[in-house]
Amino acid sequence: MIELSQRLTDRSTPLHIHLIGVAGSGMSGLALLLLGMGHKVSGSDKVTTAETERMQGVGLIFSSPPSAAAVKKVDMVVYSSAIKPANPAYAAAKKAKTPLYRRAECLAAILHTKKGIVISGTHGKTTTSSMTAHVLREAGQKPSHYVGAEIPILGANAKWSEDGDHMVAEGDESDGTLALYRPEHAVILNIEAEHLDFYRDIEHIKEVFTKLADQTTGKLVYCAEDPVALEVCSGRANGVSYGWEDADYTATDLRDLKGSSAFTVKKKGEVLGDVELGIPGNHNVLNALAAIALADSCGAEFALVARALATFAGAKRRFETKYLSANYRIIDDYGHHPSELAATLQTARSLKSKRLIVFFQPHRYTRTQALADDFGKVLQAADVVFITDVYAA
């Protein structure tokens, strides 16, 4: 990992790096980082999208479909978790003995060239990582960032900043690669039974988060409201907790502003100040507390952090209002775990609408089967529910 980090930061010898599966949100972000670092970046995928067209405008050499020719004479190849050994580009790189890296391996190597900040958890990662990047940027710290969705307020899902010391990255726990990171600071939002097509059980999931915690050299920010995160993180010398009470950072005097939230932040019982958060929901208040605790650990001024949170508009498909009139509000949300769904429905109810109608598309057969009872209980919070076929990808 150290050798790869050194190669990626050697400006005297730019690399030609090819990304297989570059149309995906995670891989497209990686492409933007590598382009920002000064490398020649090519990529291939089965489809051409608006994102691949946009990236071509900033230097990506794109080809579709993946082919052996695309990886000829490249210095290294990075591939997404969706890529199979039979993929022509992957097979050709393997045959030519071109160095092959998983997406998370490349991201970890990039993160290690900065003071890395990993935002982790079963859910809430994209919102919290984009919120953290936004507040650090508004506080004048010029962070690099890598998040898992389009973030309008950040301009892109990833950006390399040569001048800033920090890099904020969303850490994916779905395949165990979270254990690759050795960040300066880390956030653990929550730990729940998820991705059981990869993990044996909750104990197996805890092992990966525990390794991340063990490898964090600076502050380990965690949610005291989540019992498993509390179990993994409490008692550590570098632990920093947040929650409603009995935590280092707390939110009190919550006010629902119908589309936004306001609250008072305390640090170890002392008032830091008030925050008006640009997105609704108590779960987002907790996400904001995580970002506040992290920003404070990085030396950001609270007044600048609070001002940034007031302008935060959220990520695409995270309680995103698609249509609003006097009679109707249509909200799009990516939540695909019962806890995420419960938070979304609770937030929707807080808007005081007459009826809550839900169109729900389950994501992945294994998750739907394992958590069917929980999904059923959570969906009872709606007035009417329509369920589509399972999206299995």
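Structural notes, computed from the coordinates. The residue numbers shown here count from 1 along each chain, following its written sequence. The predicted nature of this model means local features are confined to residues of pLDDT at least 70 and side-chain atom pairs, given and counted, to a pLDDT of 80 or more, with totals for whole chains, interfaces and linings taken over all residues. Side-chain metrics rest on all non-hydrogen atoms present in the structure, leaving aside hydrogens and water.

## Topic: the pairing of strand β2 (residues 40–44)
Taken across its 5 residues, β2 has 4 buried, putting it largely inside the fold. Two strands qualify as a pair provided that DSSP identifies no fewer than 2 bridges between them. In this text, helices come from DSSP runs of H or I with a minimum length of four residues, and strands from runs of E with a minimum of two, each type numbered from the N-terminal end. Relative to β2, strand β1 (residues 16–20) runs parallel, the two being bridged by 5 bridges. Residue Ile17 lies in a different strand from β2, and its bridge partner there is Val41. The path from the first strand over the helix to the second decides the hand: if it runs clockwise while the strands point away from the viewer, the crossover is right-handed. Note that the unit made of β1, helix α2 (residues 25–36) and β2 has a crossover that is right-handed. Pairing of β2 with strand β3 (residues 61–63), which is carried by 3 bridges, proceeds in the parallel orientation. Following the sheet pairing, Ser42 is matched in β3 by Ile61. For the handedness criterion, the β-α-β arrangement of β2, helix α3 (residues 50–56) and β3 is classed as right-handed. Only protein chains enter the accessibility calculation, which uses a 1.4 Å probe; a residue whose area is less than 20% of its type maximum is buried, one above 50% is exposed, and one in between is partly exposed.

## A word on the packing of helix α6 (residues 125–138) against helix α10 (residues 302–310)
Running from N to C, α6 and α10 point in directions that differ by 130 degrees, and their axes come no closer than 8 Å. In this view, α6 runs oblique relative to α10, as classed from their interaxial angle. The two elements α6 and α10 cross, and the hand of that crossing is right-handed. Taken together, the residues of α10 that come into contact with α6 (itself represented by Met131, His134, Val135 and Glu138) are Leu304, Val305, Ala308 and Leu309. To get an axis, fit a line to the C-alpha atoms, keeping to the stretch in contact for a helix; angles then go from 0 to 180 degrees between the N-to-C directions. Convention used here: angles under 35 degrees read as roughly parallel, angles over 145 as roughly antiparallel, angles from 65 to 115 as roughly perpendicular, and any remaining angle as oblique. Note on convention: the crossing is left-handed when the near helix lies turned anticlockwise from the far helix by less than a right angle, right-handed when the turn is clockwise. Contacts are residue-level and defined by heavy atoms, with any inter-residue pair within 4.5 Å sufficient.

## Let's talk about the pattern of salt bridges
Any Lys or Arg side-chain nitrogen found within 4 Å of a carboxyl oxygen on Asp or Glu counts as a salt bridge. This structure, assessed with the given rule, holds 11 salt bridges. When the shortest N-O distance is used, the salt bridge between Arg103 and Asp172 registers 3.5 Å. Note that Arg103 is positioned in helix α5 (residues 103–111) and Asp172 in the loop between β9 (166–170) and β10 (185–188), a separation of 69 residues in sequence. Arg103 sits in the buried class, given a relative accessible area of 16%. Assessed through its relative accessible area of 23%, Asp172 is described here as partly exposed. Of the charged contacts, one joins Glu231 and Lys206 as a salt bridge, the two residues approaching to 2.8 Å between their closest N and O atoms. Separated by 25 residues along the polypeptide, Glu231 in helix α8 (residues 227–233) and Lys206 in helix α7 (residues 202–214) bring together distant segments of the chain. Through salt bridges that share partners, Glu203, Lys206 and Glu231 make up one connected network.

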